[in-house]
Amino acid sequence: MIDSKIYGEHVTAWCPGCGNHDVLLALKDALARQDLEPHRFAVVSGIGQAAKIVHYVRGNGFNGLHGRALPPAQALKLVNPELKVVVESGDGCSYGEGGNHLLAAIRRNLDITLIVHNNQIYGLTKGQASPTTMTGHVTKNNPLGVFDQPFNPVAVAVAMRASFVARSFSGFKEHAAATIVAAMQHKGFSLVDMHSPCISFNKVNTFAWYKSRCKEVSHDPANWDEAMKTAMVFGEEIPIGVIYREQRPSKETLLPQCRDGAMYRRPVDMDKVAAHMLSYA
Ligand SMILES: Cc1ncc(C[n+]2csc(CCOP(=O)(O)OP(=O)(O)O)c2C)c(N)n1
Ligand code: SF4
């Protein structure tokens, strides 16, 4: 097995004690367990505290716009299906601003993994409510408490029959790393809703709060009805583990343009491209 030190040991800008440190360790651990050298994977993100992770992993990386991590990640996979593509994102980035990209990625089912560092708050912009902030949670810009119902990403993903849906908690390091490995090994779109506390701006959903609630799931993840029931549970108990898994071909294996190996290796005939573009004029 590769030593995870090959992915570098960087000084981070995160608060000491932030859950993101554990997600970074879990990611590096997961990459090492799969023997992935730095040139064989890409980490893609948008904007936020979670998104900074790209700067702390030695390997291919792309740090794009807030809410827009999934489009470049999917493009990468299409032009180079040989790359393992991991998207690291915040709950605001993927469930708020980039929510529709998530729905499209689930339907598309390209073989990429989305890990959402779900701290149930906007960390980078200092503690506004995110789509997963619980009703009643008092934040700086919600002095009367949040009125909206929280978004349940796991239930939405299972309802849409995303091909792999899991939840984990960064405080359970072995669980977090093993869940990322399982997600990356799955052929198709995989979502890991990774609860990861923001110790500075979310004083409700703390390490202790998750630790006492997270319990491993026991149902068969191939059973959609059971998965849906489990997905609806979040509160006093938080089911963690693989919630739903369905085997079906990932999109890049179905596309004729991807069948003959990586597209990036093929020469581009610029005259053909120009003629095609002009056909729209
Ligand atoms: C289009 C756009 N809208 C808003 C912002 C401001 N902004 C930057 S990060 C962020 C929220 C980050 O929260 P989250 O995605 O949950 O990540 P975290 O920082 O908690 O890891 C916002 C609103 C932005 N940079 N770009
Ligand atoms: S503000 Fe929150 S999310 Fe950002 S680094 Fe600090 S603890 Fe982590």
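Data block above holds the structure.
A few points on the structure. (Residues numbered from 1 in each chain as written. Chains lettered and ligands numbered in written order. Predicted model: local features only at pLDDT ≥ 70, side-chain atom pairs only at ≥ 80, totals over all residues. Heavy atoms only, no water.)

1. Considerations on the sheet that holds strand 5 (residues 164–169)
This is how it is decided: Any two strands between which DSSP finds at least two bridges are classified as paired. Each helix is a run of DSSP H or I of at least 4 residues and each strand a run of E of at least 2, with the numbering of both proceeding from the N terminus. Geometry is summarised by axes, namely lines fitted to C-alpha atoms with helices restricted to the contacting stretch, and by angles between N-to-C directions that run from 0 to 180 degrees. The contact rule is simple, with two residues in contact once any of their heavy atoms fall within 4.5 Å.
With mixed pairing, eight strands are arranged side by side in an open sheet as 2-1-3-4-6-5-8-7. Here the strands that pair on one side only, and so sit at the sheet edges, are strand 2 (60–63) and strand 7 (214–216). The mean angle between the axes of side-by-side strands here comes to 20°, regardless of whether they run parallel or antiparallel. Pairing between strand 5 and strand 8 (residues 238–245): four bridges, direction antiparallel. Paired with Ala166 across the strands is Val242, a residue of strand 8. Contacts from helix 1 (residues 19–33) reach strand 1 (41–45), strand 3 (84–90), strand 4 (112–118) and strand 6 (190–195), with the element oriented near 160° to strand 4.

2. A short note on unusual backbone geometry
Although it is not a glycine, Asp35 adopts a positive phi angle of roughly 55°. By secondary structure assignment, the location of Asp35 is in the loop between helix 1 and strand 1.

3. A look at a nonpolar patch on the surface
Convention followed: Patch membership requires more than 30% relative accessible area and the absence of a salt bridge. Residues of like charge join within 9 Å; the nonpolar side chains Val, Leu, Ile, Met, Phe, Trp and Tyr join within 5 Å. Computed with a 1.4 Å probe, the accessible areas rest on the Shrake-Rupley method; for each residue, only the protein chains presented here act as cover. Salt bridge, as used here, is a side-chain nitrogen of Lys or Arg placed within 4 Å of a carboxyl oxygen of Asp or Glu.
Taken together, Val268, Met270, Val273 and Met277 make up a surface patch of nonpolar side chains, about 410 Å² in accessible area. Take Val273: it is sitting in helix 11 (residues 270–278).

4. Structural notes on the site of ligand 2
Selection rule: Distances are taken per atom, and a residue is near a molecule or strand as soon as one of its heavy atoms is within 4 Å of it. Residues were grouped as follows: Ala, Val, Leu, Ile, Met, Phe, Trp, Tyr, Cys and Pro as nonpolar; Asp, Glu, Lys and Arg as charged; and all remaining residues, including Gly, as polar.
All residues adjacent to ligand 2 are Trp14, Cys15, Cys18, Gln49, Asn119, Cys198, Ile199, Ser200 and Phe201. Along the lines of polarity and charge, the residues of the shell around ligand 2 split into six nonpolar, three polar and no charged.

5. Quick word on the packing of aromatic side chains
Note the cut-off: Stacked, edge-to-face and tilted labels apply to pairs of Phe, Tyr and Trp rings (six-membered ring for Trp) whose centres lie within 6.5 Å, assigned for plane angles under 30 degrees, over 60, and everything in between, in that order. Here the term buried applies to any residue with accessible area under 20% of the maximum for its type, exposed to any over 50%, and partly exposed to those in between, with areas from a 1.4 Å probe on protein chains only.
Summed over the entire model, instances satisfying the criterion amount to eight aromatic pairs. With centroids separated by 5.6 Å and ring planes inclined at 75°, the aromatic side chains of Tyr7 and Phe41 adopt a geometry described as edge-to-face. With Tyr7 in the segment before helix 1 and Phe41 in strand 1, this residue pair connects regions lying 34 residues apart in the sequence. Residue classification places Phe41 among the buried positions, given a relative accessible area of 0%. Relative to Phe172, the ring of Phe169 lies with its centre 5.0 Å away and its plane at 75°, an arrangement referred to as edge-to-face.

6. Re the site of ligand 1
Cut-off, in case you're wondering: A 3.5 Å cut-off defines polar contacts: any pair of N or O atoms within that distance qualifies, except that in protein one atom must be a possible hydrogen donor and the other a possible acceptor, and neighbouring residues in sequence count only when both atoms are side-chain atoms.
Not every one of the 16 residues close to ligand 1 is listed here, only the nearest: Gln49, Gly92, Cys93, Gly123 and Leu124. Here an oxygen atom of ligand 1 and a backbone polar atom of Ala50 are 2.9 Å apart. At 2.8 Å, a backbone N or O of Cys93 approaches an oxygen atom of ligand 1. Here ligand 1 loses 75% of its free accessible area of 590 Å² to cover by the protein chains. If one sorts the elements of the shell around ligand 1 by residue count, helix 3 (residues 91–97) sits on top with four residues. Residue composition of the shell around ligand 1, by class: six nonpolar, eight polar and two charged.

7. Brief notes about helix 11
Within helix 11, only zero of the nine residues are buried, which leaves the element largely exposed. Capping the start of helix 11, Asp269 holds a side-chain oxygen 3.1 Å from the backbone nitrogen of Asp271, two or three residues further along.

8. Re the packing of helix 1 against helix 6 (residues 173–185)
What counts, and what does not: An angle below 35 degrees is read as roughly parallel, one above 145 as roughly antiparallel, one from 65 to 115 as roughly perpendicular, and any other as oblique. Should the near helix be turned counterclockwise from the far one by less than a right angle, the crossing is left-handed, whereas a clockwise turn marks it as right-handed.
Two elements in contact, helix 1 and helix 6, have axes separated by 8 Å at closest approach and are oriented at 50°. It follows that helix 1 is oblique to helix 6 by the angle criterion. The handedness of the crossing between helix 1 and helix 6 is right-handed. Side by side, helix 1 and helix 6 meet where Asp22, Ala26, Leu27, Asp29, Ala30, Leu31 and Arg33 of the first sit next to Lys173, Glu174, Ala176, Ala177, Ala178, Ile180, Val181 and Met184 of the second. Classifying every residue of the contact of helix 1 with helix 6 gives ten nonpolar, no polar and five charged.

9. Notes on the nonpolar core
Cut-off, in case you're wondering: Buried residues of nine kinds, namely Ala, Val, Leu, Ile, Met, Phe, Trp, Tyr and Cys, make up a nonpolar core once their side-chain atoms join them within 4.5 Å.
If you look at the biggest cluster of nonpolar residues, it comprises 31 residues, and the most contacted ones within it are Tyr7, Leu27, Leu31, Val57, Ile115 and Ile180. Those elements that provide at least two residues to this core are helix 1, strand 1, strand 5, helix 6 and strand 6. If one sorts the elements of this core by residue count, helix 1 sits on top with seven residues. Setting aside anything within four residues of it in sequence, one finds Leu31 in contact with Tyr7, Leu36, Phe41, Val57 and Met184.

From the geometry alone we can't say anything about function, so treat these as descriptive.
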